[in-house]
Amino acid sequence: GSSVVQYAIFWHLTLESRSGSVMTLAILFGFLPQAIISIFAGVWADRLNRKLLIMGSDAVIALTTLGLAVSFLSGITDLWIVCLALTIRSVGAGIQTPAVSAMIPQIAPPRQLLRVNGIVGSVQAAMSIAAPAIAAALYASWGLQATFFLDVITAVIGIALLSRIPLAKIDRSAEGEPVGYLADLRDGLTYLWRVPVFRWLLGYLALIMFLVVPPSFLTPLMVVRTFGDDVWRLTAMEISFGAGMVLAGVIVATWAARFENRLRLIALAAVAFGVVTVGLGLSTVFWVFLAFMFLCGLAVPFFNTPMFTIFQERAEPEMQGRVFGVVSIVTAVTMPVGMGLIGPLADHVSVELLLVITGAITLVAGLWGLRASERLRSQVSAPVAGAESDTPGAPPTTPGAPPTR
């Protein structure tokens, strides 16, 4: 439901404005609040019941969407009301994201984490195929408001399902006396900074997320300007991307054991991002463009899944909320910053040129990542404690501890 609304809103703004500046505003309001709230959300995910955090944030998102639907039905469709709704939805996502990422290791066996994350990625990719198709059908037949009501209905169903999953609050008694919030936050940042592989992953994530802004957010603008403003074209673009993600998620889940060098896999995915982004910019035929969108989607799980799995395997359970809070901050900040710098350029130069330039830079970053992955490989090759166990939540070893030579 949330995906359907997100697609519908961005398509609505794209079709109505055809402006890179308007899209930049939408991205800023859609992602920057998530970055700000994630500073607090990571600590909450370690201190509070993660399930309740997820359910509560989902309920707030649904109520906000319902309010937006009422506003549109009342004739209030100004950009500011859309940006306000995007802001509140972004805050909810910022609270929810680190809690979800930290919850998975609580209920999944450690040695199956990469496989589980691959399956989760496939499910999300399947939604990315269904969501744009549903959004297009509802948008064309009953207008933007219909997508809003669908989000509310699916949120109620999702909350009901999640409420039936038993999930205990993380026991942090081993840490000693409770500390203040700021100390908790400082401990999380220190914990990440002292592990070289964590520092590298966060920096590399920020770099690649900045560079993939054009294929992520400006391709709808390219479709409307270059190929036509038909909704089916935007739908076909998203379905092609989602189909690639589904296939890659299945591959990761099926052959998880073969992907031992996960850092190299991340860097290879970055190389693929670079090549495909250049291909998107050089596409002059819509079907060729769709083929490159499929390949772009194919690369995403090979970048995201091993990266998140490394964090889940190497971070202690009581620290994972803060770890993924910082990860969420990185992703939520770099996207709007990238859009703020690159998006307005789309009103002065072609999106195709922006894709070619950023794609070439991404390719260089991917090749650099391949060299760095060999240097850091030993830090993630040591076996994780509990990796042979099927007991969820088995504690991992000290993250980044180098093996004895």
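Treat the numbers as computed from the prediction; the structure is a model and nothing was measured. Per chain, residue numbering runs from 1 following the sequence as it is written. Where local features are concerned, this predicted model is filtered to residues with pLDDT of at least 70; where side-chain atom pairs are given and counted, the filter is 80 or more; whole-chain, interface and lining totals use all residues. Side-chain measures here rest on the full set of heavy atoms in the structure, leaving out hydrogens and waters.

### Re the overall build of the chain
Next up, step 1: Secondary structure is summarised from DSSP: a helix means a run of H or I of at least four residues, a strand means a run of E of at least two, and numbering begins at the N terminus for each. When helices and strands are tallied, the chain shows 15 helices and 0 strands.
Next up, step 2: Buried residues are those whose accessible area, probed at 1.4 Å on protein chains only, stays under 20% of the maximum for their type, while exposed residues exceed 50% and partly exposed ones sit between those limits. Across the 405 residues that make up the chain, the buried fraction comes to 56%.
Next up, step 3: Contacts were defined at the residue level, with two residues in contact if any of their heavy atoms lie within 4.5 Å. Of all intrachain contacts in the chain linking residues separated by at least 6 positions in sequence, the fraction that spans at least 24 positions is 87%.
Next up, step 4: Computed with a 1.4 Å probe, the accessible areas rest on the Shrake-Rupley method; for each residue, only the protein chains presented here act as cover. Entry remark: accessible area of the chain is about 17,000 Å², with carbon and sulfur atoms responsible for 69%.

### Notes on the packing of helix α8 (residues 196-211) against helix α9 (residues 213-227)
Next up, step 1: Contact geometry of α8 with α9 gives a least axis separation of 5 Å together with a crossing angle of 25°. Comparing the axis directions of α8 and α9 gives the class roughly parallel. Between α8, through M209, F210 and L211, and α9, the contact on the second element is made entirely by V213, P214 and P215.
Next up, step 2: Polar here means any residue outside two lists: the nonpolar Ala, Val, Leu, Ile, Met, Phe, Trp, Tyr, Cys and Pro, and the charged Asp, Glu, Lys and Arg; Gly therefore counts as polar. A breakdown of the residues in the contact of α8 with α9 according to their chemical character gives 6 nonpolar, no polar and no charged. Here the axes come from fitting lines to C-alpha atoms, over the contacting stretch only for helices, and the angles between their N-to-C directions go from 0 to 180 degrees. In what follows, roughly perpendicular refers to angles from 65 to 115 degrees, roughly parallel to angles under 35, roughly antiparallel to angles over 145, and oblique to any angle outside these ranges.

### Observations regarding a nonpolar patch on the surface
Next up, step 1: A surface patch of nonpolar side chains, amounting to about 440 Å² of accessible area, comprises V60, I76, W80, L84 and I88.
Next up, step 2: Take the nonpolar patch: its biggest share by element is 3 residues, from helix α4 (residues 79-107).
Next up, step 3: Examined against the element boundaries, W80 turns out to sit in helix α4.
Next up, step 4: Of the residues examined, W80 reaches a relative accessible area of 52% and is grouped as exposed. Here the term patch refers to residues with relative accessible area over 30% and no salt bridge, with like charges joined within 9 Å and nonpolar side chains (Val, Leu, Ile, Met, Phe, Trp, Tyr) within 5 Å. Throughout this description, the term salt bridge denotes a Lys or Arg side-chain nitrogen within 4 Å of a carboxyl oxygen of Asp or Glu.

### A few points about the pattern of salt bridges
Next up, step 1: A complete count under the given rule lists 4 salt bridges for this structure.
Next up, step 2: Between D46 and R50 there is a salt bridge; the shortest N-O distance is 3.0 Å.
Next up, step 3: With a relative accessible area of 2%, R50 lands in the buried category.

### Notes on the packing of α9 against helix α13 (residues 320-342)
Next up, step 1: Direction vectors running N to C along α9 and α13 enclose 60°, while the axes themselves pass 10 Å from each other. The orientation of α9 with respect to α13, classified from their angle, is oblique. Of the two elements, α9 crosses α13, and the hand of that crossing is right-handed. Each of V213, P214, S216, F217 and L218 in α9 lies in contact with α13, whose residues at this interface are M335, G338, M339 and I342. When the near helix sits turned anticlockwise from the far one by under a right angle, the crossing is termed left-handed; a clockwise turn instead gives a right-handed crossing.

### Thoughts on the nonpolar core
Next up, step 1: In this description, a nonpolar core means a group of buried Ala, Val, Leu, Ile, Met, Phe, Trp, Tyr and Cys residues linked to one another through side-chain atoms lying within 4.5 Å. F198, L201, I208, F289, F303 and F311 are the most contacted members of the largest nonpolar core, which totals 100 residues.
Next up, step 2: Residue contributions to this core peak at 12 residues, all from helix α12 (residues 286-314).
Next up, step 3: In this view, I208 contacts A270, F273, F303, T362 and A365; residues no more than four positions away in its chain are not counted.
Next up, step 4: Of all hydrophobic cores here, the second largest spans 10 residues; its members include A45, I54, M55 and I95.

### Digging into the packing of aromatic side chains
Next up, step 1: Side-chain rings of Phe, Tyr and Trp, where Trp is taken by its six-membered ring, are said to pair if the distance between their centres is within 6.5 Å; with planes under 30 degrees apart they count as stacked, over 60 as edge-to-face, and otherwise as tilted. Under the defined criterion, the tally for this structure stands at 15 aromatic pairs.
Next up, step 2: Centre to centre, the rings of F273 and F303 are 5.9 Å apart; their planes meet at 65°, and the pair counts as edge-to-face. Here F303 lies in helix α12 and F273 lies in helix α11 (residues 262-282), a separation of 30 residues in the sequence. Comparing F273 with F303 shows no difference in burial state: the two are buried.
Next up, step 3: Any Lys NZ or Arg CZ found within 6 Å of a ring centre and within 35 degrees of that ring's normal is scored as a charge over the ring. Positioned above the aromatic ring of W193 is the side chain of R199, whose terminal nitrogen or guanidinium carbon lies 5.0 Å from the ring centre.
Next up, step 4: Positioned above the aromatic ring of F286 is the side chain of R233, whose terminal nitrogen or guanidinium carbon lies 5.1 Å from the ring centre.

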